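Reading the structure
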Amino acid sequence: MAQAHEHVDDLVQLRRQLHQHPELRFTEHRTAVVLADRLAPLARVRTGIAGTGLLVEIDGCAPGPAVLLRADMDAYPVQDAKEVDYASGNPGVCHACGHDVHMTVVYGVAARLAAEPPARGSVTLLFQPAEEIPFGEASGAAAALADEALRGRRYDAVLGLHCWPDLPVGTVGVDRETAMAAKDAFRIEVLGRAAHAATPALGRDAILGLSGIVNLLHAGVARARNPHELVAFNIGTIAGGASQSQVAAHAEATGTLRTHDEATRERLKEVIERIARQQAAALDLGVRFTWANEMPPVRNAAALVALAHAELPGAVDVVDLAEPPLTTDDFALLGALGPSLYVKLGVTGERGGAPLHSGSFDVDERCLGAGVTALERLTRAVLDGRLATGEDAGDPTAAVPTGTGPGTGRTGGRRAAGDGRSTGAQAVRA
């Protein structure tokens, strides 16, 4: 179990306040005010980042390494189904992905750093809007990177965390290399010709064409991937037609492809588009195919993975995560600012927990102290120079000591601080 946080009641109060007043992407105005009011006595606060975000800066006593901590701010468009006194008061909107926890944890780190300023270096806290990205809409991380406040900056470490209901409270999961998958969203529009249902030969049925495309895509992707490749393919929406008595002139579907490997990603994207176009042509139908929200995977820098395994045991239970998930996050884009580490915060207590993006999602609030402890320790370790001067920092093949949680193993490989690229050493399976 994590060490106790001396201000845990304050953290719980903030988390519940944020949970009660969730706001959707790029509308996090109240959320920003609540955070800015709390952070202004602690550090320099700049508002309006990417519209509704915050950039908070804390300086050490002398120049040194620079660390960026990111917390996403937006809620999810789902009805809160929990019967608790801090349930969402905004109908149809809920912090169902734990962003209220992420913000609270990063605020907690700021409070600790302000109370005990680091001897050197600087810490930047990015409270980022709009991590949840509907089809074809903008990424909050991309908007933050385009903001002049971050333009041209580089950091020695970019740190973040995500609530993880698969892990028990008091644990922090560390992925060996890939923390989140790449995501490619697509829309298929099938273009037919309308006709009366009594004379279907005069029309071209877009719904019939789309139904065949959906079935062929599921089969085609399944046969085009190799057994060892981690892939998720989904058709999430279908719409079309104007009347039960008309041959449909238009139908469309949207979905996502999630992968880890770039070669697999490009191969399957080509398969998906080819199947859609060929099936439409076979039925004398038109097709418009659109890719959107193409997000790279979140890659953990090997040196930061090693640092987590060296610094966190004893403060939290560290779980070595051998198989990366197929969830995605625009934290991936922040890797442009420096080597990054995205860890998984265990949030599930004895009563169990609901999955992410469920209206029943909630956390065991002891996770707040664990998250603050983990991110603070990592931040101070980087500021103290332990990222660059660890005992095996210069050995790209040295094994990383593992944590004490279930699924532990050994991780091989190092990444040079600052370049964000793997040296090619492979993880050793447990």
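Please read these numbers as outputs of a predicted model, since none were measured by experiment.

Thresholds, definitions, all that
Residues numbered from 1 in each chain as written. Predicted model: local features only at pLDDT ≥ 70, side-chain atom pairs only at ≥ 80, totals over all residues. Heavy atoms only, no water. Pairing = 2+ DSSP bridges. Helix = DSSP H or I, 4+ residues; strand = E, 2+ residues; numbered from the N terminus. Axes fitted to C-alpha atoms, helices over the stretch in contact; angles between N-to-C directions. Contact = heavy atoms within 4.5 Å. Buried < 20%, exposed > 50% of the residue type's maximum accessible area, 1.4 Å probe, protein only. Parallel < 35°, antiparallel > 145°, perpendicular 65-115°, else oblique. Left-handed = near helix turned anticlockwise from the far one by under 90°. Nonpolar A, V, L, I, M, F, W, Y, C, P; charged D, E, K, R; others polar. Salt bridge = Lys/Arg side-chain N within 4 Å of Asp/Glu carboxyl O. Phe/Tyr/Trp six-rings, centres within 6.5 Å; stacked < 30°, edge-to-face > 60°. Lys NZ or Arg CZ within 6 Å of the ring centre and 35° of its normal. Polar contact = N/O pair within 3.5 Å; in protein donor to acceptor, adjacent residues only side chain to side chain. pLDDT = per-residue confidence, 0-100. Core = buried A, V, L, I, M, F, W, Y, C linked by side-chain atoms within 4.5 Å.

A few words now on the sheet that holds strand S13 (residues 286-295). The antiparallel open sheet is built from four strands, whose spatial order is S10-S12-S8-S13. The sheet terminates laterally at strand S10 (231-240) and S13, the two strands that pair on one side only. Taking each pair of neighbouring strands and ignoring which way they run, the sheet shows an average axis angle of 15°. With nine bridges joining them, S10 and strand S12 (residues 250-259) adopt antiparallel strand pairing. Across the sheet, the residue bridging to Asn 234 is Thr 256, located in S12. Running over the sheet, helix H5 (residues 206-224) touches strand S8 (182-191), S10 and S12 and is turned about 175° from S10. The strands touched by helix H6 (residues 262-282) within the sheet are S8, S10, S12 and S13, with S13 carrying the most contacts at an inclination of about 160°.

Turning to the pairing of S8, a few remarks are in order. In terms of burial, S8 is largely enclosed, as eight of its 10 residues are buried. Here 10 bridges tie S8 to S12, and the two strands are oriented antiparallel to one another. In the sheet register, Lys 183 faces S12, and the bridge partner there is Arg 258. In the sheet, S8 pairs with S13 via eight bridges, with the strands oriented antiparallel. Paired with Phe 186 across the two strands is Trp 291, which belongs to S13.

So, about the packing of helix H3 (residues 99-115) against helix H8 (residues 367-383). Where H3 contacts H8, the two axes come as close as 8 Å, and the packing angle between them is 55°. As judged from the angle between their axes, H3 and H8 are oblique. H8 is crossed by H3, and the crossing has right-handed handedness. Along its contact with H3, which presents Val 101, Thr 104, Val 105, Val 106, Gly 108, Val 109, Arg 112 and Leu 113, the element H8 presents Cys 367, Leu 368, Gly 371, Val 372, Leu 375, Glu 376, Thr 379 and Arg 380. The residue makeup of the contact of H3 with H8, split by class, is nine nonpolar, four polar and three charged.

This part takes up unusual backbone geometry. Located in the positive-phi region is Asp 284, a residue other than glycine, with phi close to 60°. Of note, Asp 284 is situated in the loop between H6 and S13.

Overall, the coordinates contain 32 salt bridges when judged by the stated rule. With a shortest N-O distance of 3.0 Å, Glu 270 and Arg 274 are connected by a salt bridge. A residue pair is termed a helical-turn pair when its members lie 3 or 4 positions apart in one helix, as Glu 270 and Arg 274 do in helix H6 at four residues. A cluster of three or more residues bridged by salt bridges with shared partners is formed by Arg 15, Arg 16, Asp 100, Asp 362 and Glu 365.

Read across the open sheet, the eight strands follow the order S1-S2-S4-S3-S5-S16-S6-S15; overall the sheet is mixed. The open sheet has two edge strands, strand S1 (44-49) and strand S15 (317-321), and neither has a second partner. On average, each strand axis in the sheet is tilted by 25° relative to the strand beside it, whichever way the strands run. Bridge count for strand S5 (residues 157-168) against strand S16 (residues 340-348) is eight bridges, and the pairing is parallel. Within S16, the residue paired with Leu 161 across the bridge is Val 343. Along the sheet face, H3 touches strand S2 (53-59), strand S3 (66-72), strand S4 (122-128), S5 and S16 and points at about 150° away from the line of S3. Where H8 meets the sheet, its contacts fall on S3, S4, S5, strand S6 (171-175) and S16, and the angle it forms with S5 comes to roughly 150°.

Taken as a whole and judged by the stated rule, the model has five aromatic pairs. Each ring, one from Phe 331 and one from Tyr 342, has its centre 4.4 Å from the other, and the planes form 15°; the classification is stacked. Of this pair, Phe 331 sits in the loop between S15 and S16 while Tyr 342 is found in strand S16, placing the two residues 11 residues apart along the sequence. Judged by its relative accessible area of 0%, Tyr 342 is buried. Taken together, Phe 186, Phe 233, Phe 289 and Trp 291 form an aromatic cluster joined through their ring pairs. The ring of Trp 291 has Lys 269 lying over it, and the distance from NZ or CZ to the ring centre is 5.0 Å. The residue whose ring lies beneath Lys 344 is Trp 164, and the NZ or CZ to ring-centre distance is 4.2 Å.

Counting through the fold element by element, Arg 38 comes out in helix H2 (residues 29-39). At 3.3 Å, the side chain of Arg 38 and the side chain of Tyr 107 are in polar contact. Setting aside its immediate chain neighbours within four residues, Arg 38 contacts Asp 10, Gln 13, Leu 14, Gln 17 and Tyr 107.

All right, on to the confidence of the model for the chain then. Averaged over the chain, the pLDDT score is 90; the fraction of residues at 70 or greater is 89%. The model gives residues 1-5 a pLDDT under 50, and that stretch makes 19 contacts with residues more than four places away or in other chains.

What follows concerns the nonpolar core. Ranked by internal contacts, the top residues of the largest apolar core, which has 61 residues, are Leu 69, Leu 125, Phe 127, Leu 159, Leu 304, Leu 341 and Leu 345. Excluding anything up to four places from it in sequence, Leu 304 contacts Ala 157, Leu 159, Pro 339, Ser 340, Leu 341, Val 382 and Leu 387. Core analysis: the second largest hydrophobic core is formed by 25 residues, Ile 188, Ala 206, Leu 257 and Phe 289 among them.

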